[in-house]
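# Architecture at a glance
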Amino acid sequence: MTATALETSTVDTTLGPIAVTVVGEGEPLVLMHGGGPGASALANYRDNLGALEGFRVILPDQPGFGGSYRPTEEDLAERSITEITVDAMYQMLDALGVDTFFLLGNSLGGAAALAMAIAQPVRVTKLVLMAPGGGWLPTAPTPTEGQKEMFRYYNGEGPTFSKMKNFVRVMVANPKLFDDASIQARYEASLDASHIEFYHRYNTAFARRGGMDPLWKDLEKILADTLLLWGRDDRTITLDGAWIMLKNIRKVQLHVFGGCGHWVQVEKKADFERLVVGFLGPGT
């Protein structure tokens, strides 16, 4: 699972093409990335792949991100980004011949993972969620600090290195984990013109809909064993919203990391990998 071995291909769906990287052999494990500027499947999870040997790891770029198609204004008026993503992901998985699978998602990708497990609960055999949107019912005011930074990034004068540095600072508890070179790489990934246009459409639709889909209303439909991973110091999707998931998902457990913000897989990399592999492995 070295970086040089990774090859991304395109899967056609009725919505548009989905870019997907597939690596390894074993039980299928789908990794859903977050929705920040510059996000993509490999950007989110590339550094964790070495710990995931023994799985057939499927890394799709969600609609609007990476190498996948950009939903139009009409698309986003008709359906939410989460509904669009669920449709595209199941078409992609069907094309790859994947029936049942493990599913892991963070933030916006966590919302998509929740919605996938609600829509077709028998297909998702185990579910890992890192501070997911939609299943979260905050008790503190919203938008949160992290949500404000995401909305601000493409507005005003547009994206800048300084804005990306501040965005990363809000996403994590320890900004020293990110040097200027890694921030520069994420900044450059955020400059794709088609993605910027999509982000403006997405933010407009998000505001018009009043935020993420209220997936918390359907949590009892999830059949999969579920592991919640959360940073205690998350300033984007805050820990106080986790309790409705603990109450309403049938088979659920929660692990909270002190000194950790929104990107558990980065900030607590070794613990994240150990917990995920242990949870998904045989006998759990």
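In case you missed it, the structure is sitting above this.
In this report, we go over the structure that sits alongside the text. (Residues numbered from 1 in each chain as written. Predicted model: local features only at pLDDT ≥ 70, side-chain atom pairs only at ≥ 80, totals over all residues. Heavy atoms only, no water.)

## Quick look at the pairing of strand E8 (residues 252-257)
Sheet analysis places strand E7 (residues 225-231) next to E8, joined by 6 bridges and oriented parallel. Its bridge partner lying in E8, Leu228 is registered against Leu254. Taken together, E7, helix H9 (residues 243-248) and E8 form a β-α-β motif whose crossover is right-handed. (Pairing = 2+ DSSP bridges. Helix = DSSP H or I, 4+ residues; strand = E, 2+ residues; numbered from the N terminus. Right-handed = clockwise from strand over helix to strand, strands pointing away.)

## Here's the deal with the nonpolar core
The biggest cluster of nonpolar side chains holds 66 residues, and the ones touching the most others in it are Leu93, Phe101, Leu103, Met116, Leu127 and Ile222. With 9 residues, helix H4 (residues 108-119) is the largest single contributor of residues to this core. Among residues more than four places away in sequence, those in contact with Leu93 are Val30, Ile58, Val98, Phe101, Met116 and Arg123. The next biggest cluster of nonpolar side chains, apart from the first, holds 26 residues, and it includes Leu6, Leu49, Leu227 and Leu229. (Core = buried A, V, L, I, M, F, W, Y, C linked by side-chain atoms within 4.5 Å. Buried < 20%, exposed > 50% of the residue type's maximum accessible area, 1.4 Å probe, protein only. Contact = heavy atoms within 4.5 Å.)

## Details of the environment of Ile84
Mapped onto the elements of the fold, Ile84 is located in helix H3 (residues 81-95). Look at Ile84 and you get buried, because its relative accessible area is 2%. Along the backbone, Ile84 and Pro63 are 21 residues apart, and their C-alpha atoms lie at a distance of 7.5 Å. Among residues more than four places away in sequence, those in contact with Ile84 are Leu15, Pro63, Tyr69, Pro71, Asp75, Leu76 and Arg79.

## Notes on the packing of aromatic side chains
Evaluation of the coordinates by the stated rule reveals 12 aromatic pairs. Ring geometry for Tyr154 versus Tyr199: centroids 4.9 Å apart, planes at 50°, classification tilted. With a gap of 45 residues between them, Tyr154 in the loop between helix H5 (145-153) and helix H6 (161-171) and Tyr199 in helix H8 (residues 193-209) connect regions that are remote in the sequence. Just as Tyr154 is buried, Tyr199 falls in that class too. Among the aromatic residues, ring-to-ring pairing joins Phe65, Phe151, Tyr153, Tyr154, Phe198, Tyr199, Tyr202 and Phe206 into one connected group. Across the ring face of Phe279, the terminal group of Lys126 is positioned such that the distance to the ring centre comes to 5.6 Å. (Phe/Tyr/Trp six-rings, centres within 6.5 Å; stacked < 30°, edge-to-face > 60°. Lys NZ or Arg CZ within 6 Å of the ring centre and 35° of its normal.)

Take it as geometry only, folks, not as evidence of what the structure does.
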